[in-house]
Amino acid sequence: MVEPILRLDGLRKRFGGLAVTDGVSLEVAPGEIHAVIGPNGAGKTTLIHQVSGTLRPDAGRVVFAGQDVTALPLARRARLGLARSFQITAVLPGFTALENAALAVQARSGSSFRFLRAAATEAALNREARAALDQVGLGPRAGMPAGALSHGERRQLELAIALAMRPRLLLLDEPLAGAGPEETERLVGLLRGLRGRYAILLVEHDMGAVFALADRISVLVYGRVIATGAPAAIRADPAVRAAYLGEEEAA
Amino acid sequence: MTGALRAAALPLLVFGLLAAAPFLGLGAGWAMTLLARAMILGIAALSLWLVVGGAGLVSLGQAAMLGIGAYAVVVLDAAGVTEALVVTPVAIGAAALFALATGAVAMRTGGVSFIMITLAFGQMAFFTASSLAIYGGDDGYTLYGRSTVAGARWMQDRLAFHYLCLGLLLGSFLLCRMLLASRFGRVLRAARENALRAQAVGFEPYPYRLVAYAIAGGIAGLAGFLLANATEFVAPSFLAWQRSGDLLFMVILGGLGSPFGAVLGALAIVLLEEWLGHLTQHWRLIFGPLLVLAVLFLRGGLVGLGRRHG
Ligand SMILES: Nc1ncnc2c1ncn2[C@@H]1O[C@H](COP(=O)(O)OP(=O)(O)O)[C@@H](O)[C@H]1O
Ligand SMILES: [Mg+2]
């Protein structure tokens with residue numbers, strides 16, 4: 001078997017008396033889309049936080065590209081190639097779409113302790129930022145302040161920022177959250193285009209999207225992974241059906 | 001292009017007026033003294049703008065950096081050194097170092113604690129200055145003249161000093177603008193808008209903010225050097241927290257959105273203070289409410305006003 005790009009090893013996190021992550025172990029192979037599904041409050045966002053470095057686990061290890069990154073903060077993991085999107089959109093509203101992406105390019109393009117030249121005139125940064133925007137179909141909106149973009153466009157921009165980091169692993173926390181049916185269709189098409197080229201840990205509520213995109217699915221309930229497997233196997237798993245999947249979704 | 005031109009119109013106008021002021025009936029001694037004070041406090045306000053408007057950190061200790069620049073002039077004067085080419089770098093360096101050391105501690109926290117810790121360090125500097133008996137303690141220290149430049153005494157000349165202050169104000173303004181537009185400034189701006197986002201793409205805000213704070217300290221030190229020379233007298237009141245508050249007010253009144261706001265805010269407050277002071281001795285009673293109204297109704301500050309109508 002190939003070396004996984006991400007390995008979670010017995011992660012535990014408690015908030016007060018509540019075990020929100022209760023011994024989670026899972027792996028993401030290179031190029032694989034590994035989806036994590038589970039009912040609201042199952043601990044999916046909390047899990048993403050521990051992978052990205054926003055939260056420190058109480059126990060367990062996060063191994064990224066063979067390196068134990070459990071103790072590294074968010075920014076360090078990002079520089080290693082771990083890119084995350086936020087469930088609640090967190091683009092920079094005062095920056096243009098292009099500058100949002102250019103910031104991510106800048107982060108991996110040499111020192112940012114440069115004081116003289118206007119960053120907006122750096123063609124190399126802008127070129128790659130523009131390519132990331134084009135990749136998600138936001139090219140025509142490059143000059144718009146992110147705060148003036150529609151909700152769906154901001155979700156696309158989240159993705160463009162993550163891609164501009166040239167990540168080795170994408171952590172996507174509900175990339176479809178709050179998107180309308182048309183936007184959802186466009187975003188799913190976009191994610192399908194990333195398939196095979198990026199390793200993705202995908203948290204998503206939209207079951208249609210998950211079963212269409214994922215190579216593997218892990219089901220999280222009360223902080224525990226109750227099943228991991230190919231979409232067909234997950235669909236047929238009686239424990240999953242009982243614990244989580246509604247009849248109409250499983251049908 | 002026209003947008004860029006319009007954005008530059010107000011600064012061009014104001015700097016042009018300052019350059020022409022001595023020939024527009026403001027050449028008298030009192031007027032030149034006032035203008036010099038306004039421009040010097042403008043430099044100090046610019047330094048604070050870099051911290052508040054640039055890095056998004058509210059500080060109540062900027063006067064300490066100003067005062068350290070001024071006391072550098074005093075300490076060197078007492079040691080017989082009055083050469084500006086020596087004094088200026090020392091004033092800038094001392095203030096920047098103080099900012100670096102105190103900022104490293106203050107920035108470990110955020111929000112209200114940052115305000116309180118900068119205030120506390122400012123008060124420490126204030127009481128230190130008050131206790132320095134060899135430099136006059138509470139009474140302050142009178143300089144026997146302005147610094148010399150390469151041995152020449154041209155800073156004594158009112159007009160020359162006016163243009164020195166103006167040049168350094170313009171230079172500080174352009175420096176702040178350049179910094180904010182650079183890679184470094186882009187990280188500062190990103191961290192100000194959303195620190196989590198900056199971290200998520202790989203930037204830890206701390207070192208960038210700390211360097212910005214140190215640069216701001218250096219600029220304030222330069223203002224302190226000028227202020228000492230303008231008044232030929234330095235006292236602990238230079239470092240008082242009230243002055244930090246005044247500077248913060250200038251920055252907010254002027255508008256956080258652009259460094260030019262700091263220049264406008266400083267000019268407006270110094271000139272308004274003077275004008276109201278002539279009208280009535282109870283001018284503070286008018287001044288206070290006026291500032292409150294300005295903050296309430298001038299969203300984006302004076303600079304925003306210029307944008308809309310200019
Ligand atoms: N910072 C926190 N402090 C206390 N409880 C939290 C915190 N974050 C999340 N929780 C709780 O942990 C549980 C899981 O939350 P979350 O990870 O957001 O779930 P999901 O993303 O699967 O909906 C919820 O019950 C939530 O209330
Ligand atoms: Mg969630």
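What you see is a predicted model, and the numbers here were worked out from it, not measured in a lab.

A. Structural context of the pairing of strand β2 (residues 18-28) of chain A. Residue and element names in this part refer to chain A. Inspection of the sheet shows strand β1 (residues 6-15) paired to β2 by eight bridges, in the antiparallel sense. Note that in β2 the partner of arginine 12 across the bridge is aspartate 22. From the end of β1 to the start of β2, which pair antiparallel, there are two residues, and glycine 16 there has a positive phi angle of about 60°.

B. Layout of the site of ligand 1. Residues and elements named next belong to chain A. By nearness alone, every residue bordering ligand 1 is listed as Phe15, Leu18, Val20, Pro39, Asn40, Gly41, Ala42, Gly43, Lys44, Thr45 and Thr46. A distance of 3.0 Å separates an oxygen atom of ligand 1 from a polar backbone atom of glycine 43. With respect to ligand 1, the side chain of threonine 46 contributes an N or O atom lying 2.5 Å from an oxygen atom. Out of a free accessible area of 560 Å², ligand 1 has 58% covered by protein chains. Of all the secondary-structure elements, those providing two or more residues to the shell around ligand 1 are β2 and α1 (44-52). The greatest single-element share of the shell around ligand 1, amounting to three residues, is contributed by α1. Of the residues in the shell around ligand 1, the class split is five nonpolar, five polar and one charged.

C. Local environment of the interface of chain A and chain B. The interface of chain A with chain B comprises 37 residues on the first partner and 24 residues on the second. On the chain A side of the contact with chain B, Leu103, Phe113 and Phe115 of chain A bury the most area, a combined 21% of that side's loss. At the boundary of chain A with chain B, the tally comes to four salt bridges. Its salt-bridge partner being glutamate 99 of chain A, residue arginine 186 of chain B comes within 3.1 Å of it at the nearest N-O pair. In this assembly, chain A and chain B are joined by 15 residue pairs in polar contact (both at pLDDT 80 or more). Breaking the side of chain A that touches chain B down by element, the ones donating at least two residues are α2 (74-80), α3 (97-107) and α5 (151-164) of chain A. When residues of the side of chain A that touches chain B are assigned to their parent elements, the largest contribution, six residues, is made by α3 of chain A. Of the residues that constitute the side of chain A that touches chain B, the class distribution is 23 nonpolar, seven polar and seven charged.

D. Expanded view of the environment of alanine 99 of chain B. Residue and element names in this part refer to chain B. Along the chain, the position of alanine 99 falls in helix α4 (residues 84-106). We classify alanine 99 as buried; its relative accessible area is 0%. Along the sequence, alanine 99 and isoleucine 219 sit 120 residues apart, while their C-alpha atoms lie 11 Å from each other. Beyond its immediate sequence surroundings of up to four residues, alanine 99 is in contact with Met65, Ala104, Tyr213, Ala214 and Gly217.

E. Representation of the pattern of salt bridges in the model. What the rule picks out here adds up to 15 salt bridges over all chains. Of the charged contacts in the structure, one is a salt bridge between glutamate 99 of chain A and arginine 189 of chain B, with a shortest N-O distance of 3.1 Å. Of this pair, glutamate 99 of chain A sits in helix α3 while arginine 189 of chain B is found in helix α7 (residues 183-193), placing the two residues in two different chains. We note that glutamate 99 of chain A, like arginine 189 of chain B, is buried. When salt bridges that share partners are traced, they join Asp9, Arg61 and Asp68 of chain A into one network.

F. Quick peek at the UniProt feature "transmembrane region" (unreviewed entry) in chain B. All names here are of chain B. Feature annotation in UniProt places "transmembrane region" (unreviewed entry) on residues 30-51, 63-81, 87-107, 114-135, 160-180, 210-228, 248-272 and 284-305, given in this structure's numbering. The distance separating the terminal C-alpha atoms of residues 87-107 is 29 Å; by composition the span is 95% helix and 0% strand. Along residues 284-305 the backbone is 86% helical and 0% strand, and the end-to-end C-alpha distance reaches 24 Å.

Conventions used here
Residues numbered from 1 in each chain as written. Chains lettered and ligands numbered in written order. Predicted model: local features only at pLDDT ≥ 70, side-chain atom pairs only at ≥ 80, totals over all residues. Heavy atoms only, no water. Pairing = 2+ DSSP bridges. Helix = DSSP H or I, 4+ residues; strand = E, 2+ residues; numbered from the N terminus. Near = heavy atom within 4 Å. Polar contact = N/O pair within 3.5 Å; in protein donor to acceptor, adjacent residues only side chain to side chain. Areas by Shrake-Rupley, 256 points an atom, 1.4 Å probe, with all protein chains shown as cover. Nonpolar A, V, L, I, M, F, W, Y, C, P; charged D, E, K, R; others polar. Contact = heavy atoms within 4.5 Å. Buried area = accessible area lost by both parts, 1.4 Å probe. Salt bridge = Lys/Arg side-chain N within 4 Å of Asp/Glu carboxyl O. Buried < 20%, exposed > 50% of the residue type's maximum accessible area, 1.4 Å probe, protein only. UniProt positions renumbered as here; feature names shortened; annotations may be inferred.

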